[in-house]
Amino acid sequence: MKLQTKINIGIISVFLILGASMAVLTFKWQNDHAIKAAENRVRLYIKAGWEIYNSKIERIQATLKVLAEDQRLRRLLHDQSDQRLLQEVVSELQVVRSEQNMDILNVLDRSGRVLLRARHPELRFDTVTDDPMIRRVIAEKQSCGGTVLLDQKRLEAEGNDLAEWCRRYSAGETAGMMTGAAVPILSNGRLIGIIQMGNLLNGSVEKVDRIRDSLFENEHYDGKPVGTATVFMGDLRISTNVLDENGRRAIGTRASPEVAEQVLRKGLPWNGRALVVNAWYLSQYVPIRDPDDRVIGMLYIGSLEKRYLDQRSRAIFMNLAMVFGGMILAMTVFFWIMRTILSPIRRLHLATRRLSKGNLTHRIEVKSRDEIGELSESFNHMTQQLLEDQLEIQESQAELERRNHELRVTNRNYMELLGFVSHELKSPLGSAILGVYSIKDGYLGPVSEAQQRILASVASSLDYLNEMIKHYLDLSRLEKGELRVNKQTVRFKEEIMAPSIQGLMPALEDKRMILQNEVPDDFLLSCDPQLMRIVFENLLSNAVKYGRVGGRIQIDAVQCGDESIWHVMNEGDGIPADKLGLLFQKFSRIDPPKNGKKGTGLGLYICKEIVEQHGGKISSESVEGEWTRFTVALPADATIQEKAQHDQNKSQDPGSG
Amino acid sequence: MTKTKAKILVVDDDVQHVDTVKTLLESVGYSVDYAYLPEKAIEKAKAAPPDLILLDVMFAGPPGPDGVETSRRIHADAELKKIPVIILSGVRKVLDLPFRLEPDDEWMPVKAFLEKPIKPDQLLSEIAKALG
């Protein structure tokens, strides 16, 4: 794997792990946070809603306090029989009631008896001390605002139109719920009367819509109102902006028993999700208490849950998007940095590959001054050095080649000349040898002893010369490349040995040597017969020359696997061990044998050359003072190997015997 | 040998060689004639048939038959067919001539194939052998 891939994989995994954990944390945090925030929000809404619910009460109180100081009203309380004054006050209060859009505006005496009703002046003199608000004002001589429950009797007392109204908006309930205030009218600290003003909540939308509009601005989300508010009388919706399936305000429906139990019976607020008509709302219900602290109703504010959920989803999505966006940005930056760091390394790598393919001229562009830049520079330096070295080597190689060629040409010229000279020497030498021997051997008349000695010496020199010429001619042909190995499968005994033995018979007989020929008649060799004859002739003539007078010469041959091996052994002085290795070198000469004949130093070299051109090996072994043996091993061709196999099988099979 | 002197025809282009061989052979009692070229040798043999022809292989001078070719011609000639031939040549026998040129009465009159330089003992014994 490439380094960059490794780093990339590593970094991507780190980023992914980081991103994933960040995403998980963000999600969890957002989730918790969103829920908590929503709950807080709803709690805030109910507080605000409660303030709005009660804000009118204070205004009513303020108005009533102003009215309580009205002199005509005070006078009327002192003199309740003054009908004219009563009429004046009634008209004044009727103006106030309609201006303030109030359902009830009553003036009571200090015992709680109604002295005048602005709405229905004719309905008078009933006592409304059932009203906890009134009871409280009488008891404490202080103003009291809040919500009170008006039973059927009281409603009827306030006027049939109001009773009718409440029945209409209360699903058969006969009671009504009113918010308002009562203020004592005091004179020198003494209670002289009470003035009460209030609005019926049943069927009224003013309060709940104000709450909704203040808190939610009558927004809609996904076709549903974002927030709703409801006032319950008991568990009955008497004022609401929750709409039912038909789009009407869901007045006259009831709260769930669970909520009623918690809020109405236990007097505790209720928070939670509530299915309002057909959407989930985060809801809060708080109890509405009358001045006697009795729970008489509930105020509900709901906030559309979907909005929070969607907000939360959006927030989470935004966060995830930011996390991943950041990750991608970080990765991009990282990869860009990696690229800028790695690209010189890659260039270096490519350059190294080119170098290994032999391109020494390629150079790396050094762009940076950091370690990699230095490395690139070192690389360039190295390739430059290599290039110079290579050029040097090439030059010296060319020089060597040239010299070699010169040497070869010189050698060939030399060999040609040698061949020519040798050839030209041959004929005169032939007659000289014949002549000298004719005289020496006494064919031309008697020879004196001194003459005989000289003639023997001349004859020996001529023989040496002759042998030298023969070898030089062979060598000359060999080195001129005239002798090509033309392999055939030949019978060794018949085609290689016989001609040479014939030629050497006189010398053999001369030294009274015994030739022991143990080569099987059918021994085959894969060789160029003419060349192999030179080898054999050389080895045999050496054996004769260096062999002991009257000694034994043994020739034998054996087929050994894929090698055809033959030996020429002679009894004699042998060759010192330290000289054995030198035998096959050109012009190597061992100490002359005792009979004084020296060699040309070429015979064995020629043998070695020929044998090696056949792909074979020649070697020698010797025991000094006893014998010397030469071994030639030649690769056998398929025919020979087959025959050897066949022979072996035959000899192993007793049946064919 | 004194009674009927065997006549030997020496054929060689080397004057010194012819001289030496002639001297040796005459000294041991042969009658010797010579020729420097094969054509001349065949002429002489026809004019006065020798008992044996000692023949070189390679001849200098104008192109003509070599010793091998000459021995074939002798064999092919009805008059000369019976005359034994000994080849005595500077040619390296093991290298330059096919081994089949060994004496073979079936198709050639060559009795022996000798290589220069030769010692008198060997030459004389081969001649004696060839003459029977």
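Parameters and conventions
Residues numbered from 1 in each chain as written. Chains lettered and ligands numbered in written order. Predicted model: local features only at pLDDT ≥ 70, side-chain atom pairs only at ≥ 80, totals over all residues. Helix = DSSP H or I, 4+ residues; strand = E, 2+ residues; numbered from the N terminus. Buried ≥ 20, exposed ≤ 12 C-beta atoms within 10 Å, placed from the backbone. Contact = placed C-beta atoms within 7 Å. pLDDT = per-residue confidence, 0-100. Core = buried A, V, L, I, M, F, W, Y, C linked by C-beta atoms within 7 Å. Domains from an automatic or database assignment. Pairing = 2+ DSSP bridges. Axes fitted to C-alpha atoms, helices over the stretch in contact; angles between N-to-C directions. Expected span 1.5 Å × (residues − 1). Arc of directions from axis to C-beta. Right-handed = clockwise from strand over helix to strand, strands pointing away. Parallel < 35°, antiparallel > 145°, perpendicular 65-115°, else oblique. Left-handed = near helix turned anticlockwise from the far one by under 90°. Nonpolar A, V, L, I, M, F, W, Y, C, P; charged D, E, K, R; others polar.

Caption draft 1: Quick peek at the overall build of chain B. Scanning chain B from N- to C-terminus turns up 5 helices and 5 strands. The order of α-helices and β-strands along chain B, N terminus first, is β-α-β-α-β-α-β-α-β-α. The buried share of chain B, taken over its 132 residues, is 39%. A separation threshold of at least 6 residues defines the contact pool for chain B, and within that pool the share at least 24 residues apart is 67%.

Caption draft 2: Focus on the overall build of chain A. Within chain A, the secondary structure is distributed over 16 helices and 19 strands. Per-residue burial over chain A gives 32% buried out of 657 residues. Across chain A, the fraction of contacts at a sequence separation of at least 24, relative to all contacts at a separation of at least 6, is 66%.

Caption draft 3: Representation of the confidence of the model for chain B. All names here are of chain B. Averaged over all residues, the pLDDT of chain B equals 83, while 83% of them reach at least 70. When pLDDT is averaged over each element of chain B, strand β1 (residues 7-11) comes out on top at 95 and helix α4 (residues 93-96) at the bottom at 54. Reported for the predicted complex are a pTM of 0.47 and an ipTM of 0.88.

Caption draft 4: Structural view of the nonpolar core. Counting 83 residues, the largest nonpolar core has A:Val535, B:Ile53, B:Leu54 and B:Ile86 as the members making the most contacts within it. Ranked by residue count, the leading element in this core is helix α13 (residues 529-546) of chain A, at 10 residues. Lining this core are residues from two domains, each supplying at least three of them: domain 2 (391-482) and domain 3 (483-656) of chain A. What B:Ile86 contacts, discounting residues up to four positions off in sequence, is B:Leu52, B:Leu54, B:Leu55, B:Lys111, B:Ala112, B:Leu114, B:Glu126, B:Ile127 and B:Ala130. Among the nonpolar cores identified, the runner-up in size contains 73 residues, and A:Leu105, A:Leu116, A:Val242 and A:Val286 belong to it.

Caption draft 5: Molecular detail of the sheet that holds strand β3 (residues 144-150) of chain A. Residue and element names in this part refer to chain A. Judged by pairing direction, the sheet is antiparallel, and its 5 strands sit side by side in the order β2-β1-β5-β4-β3 without closing on themselves. Strands at the two margins of the open sheet, each flanked by one partner only, are β2 (114-117) and β3. Each adjacent strand pair in this sheet contributes to an overall mean axis angle of 30°, direction not counted. Taken together, the 10 bridges between strand β4 (residues 176-187) and strand β5 (residues 190-200) define a ladder with antiparallel strand orientation. For Ile185, the partnering residue across the bridge sits in β5 and is Gly193. Each of β1 (104-109), β4 and β5 is contacted by helix α2 (residues 71-78), which is oriented at about 80° to β4, the strand it contacts most.

Caption draft 6: Broad picture of the interface of chain A and chain B. Each side of the interface is counted separately: chain A has 24 residues, and chain B has 22 residues. Considering every element that reaches the side of chain A that touches chain B, the biggest residue donor is helix α10 (residues 371-440) of chain A, with 11 residues.

Caption draft 7: Quick peek at helix α11 (residues 449-479) of chain A. Residues and elements named next belong to chain A. With 31 residues, α11 should reach 45 Å at 1.5 Å per residue; the first-to-last C-alpha distance of 44 Å fits that figure. For α11, every residue scored as buried is listed here: Ile469, Lys470, His471, Tyr472, Leu473, Asp474, Leu475 and Ser476. Along its buried surface, α11 packs onto α10, α13 and α15 (603-613).

Caption draft 8: A look at helix α2 (residues 38-47) of chain B. All names here are of chain B. Every buried residue of α2 is accounted for by Pro38, Ala41, Ile42 and Ala45. What you see down the axis of α2 is that its buried residues fit within an arc of 95°, all on one side. Among the exposed residues of α2, those oriented more than 90 degrees off its buried face are Glu43 and Ala47. Contacts made by the buried residues of α2 are with β1, β2 (31-35), β3 (52-55) and α3 (67-76).

Caption draft 9: Broad picture of the sheet that holds β1(B). Residues and elements named next belong to chain B. Ordered by their spatial adjacency, 5 strands build an open sheet running β2-β1-β3-β4-β5, and the pairing between neighbours is parallel. Looking along the sheet, the strands with just one partner apiece sit at the ends: β2 and β5 (110-115). Between one strand axis and the next, the sheet turns through 20° on average, direction left out of account. With 3 bridges connecting them, β3 and strand β4 (residues 85-89) associate as parallel partners. Each bridged residue has a counterpart across the sheet, and for Leu55 the counterpart in β4 is Ile87.

Caption draft 10: Region of interest: the pairing of strand β15 (residues 524-527) of chain A. Residue and element names in this part refer to chain A. Of the two faces of β15, the one holding Leu524 and Ser526 and the one holding Leu525 and Cys527 are both buried throughout. Where strand β13 (residues 488-491) and β15 come together, 4 bridges link them in antiparallel fashion. Of the residues in β15, the one forming a bridge with Arg491 is Leu524.

Caption draft 11: Inspection of the pairing of β1(B) at higher detail. Residue and element names in this part refer to chain B. In terms of burial, β1 is largely enclosed, as 4 of its 5 residues are buried. Where β1 and β2 come together, 5 bridges link them in parallel fashion. Looking across to β2, one finds that Leu9 is bridged to Asp33. The β-α-β motif built from β1, the intervening helix α1 (residues 15-27) and the parallel element β2 has right-handed crossover chirality. Judged from the 4 bridges that link them, β1 and β3 form a sheet pairing that is parallel. By the bridge assignment, Val11 is partnered in β3 with Leu55.

Caption draft 12: Quick look at unusual backbone geometry. With an omega of -5°, the peptide bond running from B:Lys116 to B:Pro117 counts as cis. Looking at the secondary structure, you find B:Pro117 in the loop between β5 and α5 (120-131). Non-glycine residue A:Asn101 carries a positive phi angle of around 55°. Relative to the helices and strands, A:Asn101 resides in the loop between α3 (83-100) and β1.

Caption draft 13: View of the packing of helix α12 (residues 492-510) of chain A against α13(A). Residue and element names in this part refer to chain A. Closest axis-to-axis distance for the α12/α13 pair is 9 Å, and the angle between their directions is 30°. As the angle between them shows, α12 and α13 are arranged roughly parallel. When you trace α12 past α13, the crossing you get is right-handed. Each of Glu495, Ile496, Met497, Pro499, Ser500, Ile501, Leu504, Ala507 and Leu508 in α12 lies in contact with α13, whose residues at this interface are Pro529, Met532, Arg533, Phe536, Glu537, Leu540, Ser541 and Val544. In the contact of α12 with α13, the residues fall into 12 nonpolar, 2 polar and 3 charged.

Caption draft 14: Looking closely at the environment of A:Ala175. All names here are of chain A. Along the chain, the position of Ala175 falls in the loop between α6 (160-168) and β4. When the 21 C-beta atoms within 10 Å are taken as the criterion, Ala175 is described as buried. For the pair Ala175 and Lys153, spaced 22 residues apart in the sequence, the C-alpha separation amounts to 8.6 Å. Ignoring sequence-local partners within four residues, the contact set of Ala175 consists of Leu149, Leu150, Asp151, Gln152 and Met233.

Caption draft 15: Region of interest: the packing of helix α9 (residues 305-356) of chain A against α10(A). All names here are of chain A. Direction vectors running N to C along α9 and α10 enclose 15°, while the axes themselves pass 10 Å from each other. With respect to their mutual orientation, α9 and α10 come out roughly parallel. Along this stretch, α9 crosses α10, giving a crossing that reads as left-handed. Contact residues: Pro344, Ile345, Leu348, Ala351 and Leu355 in α9; Ile372, Gly373, Leu375, Ser376, Phe379 and Thr383 in α10. Among the residues making up the contact of α9 with α10, the classes are represented as 8 nonpolar, 3 polar and no charged.

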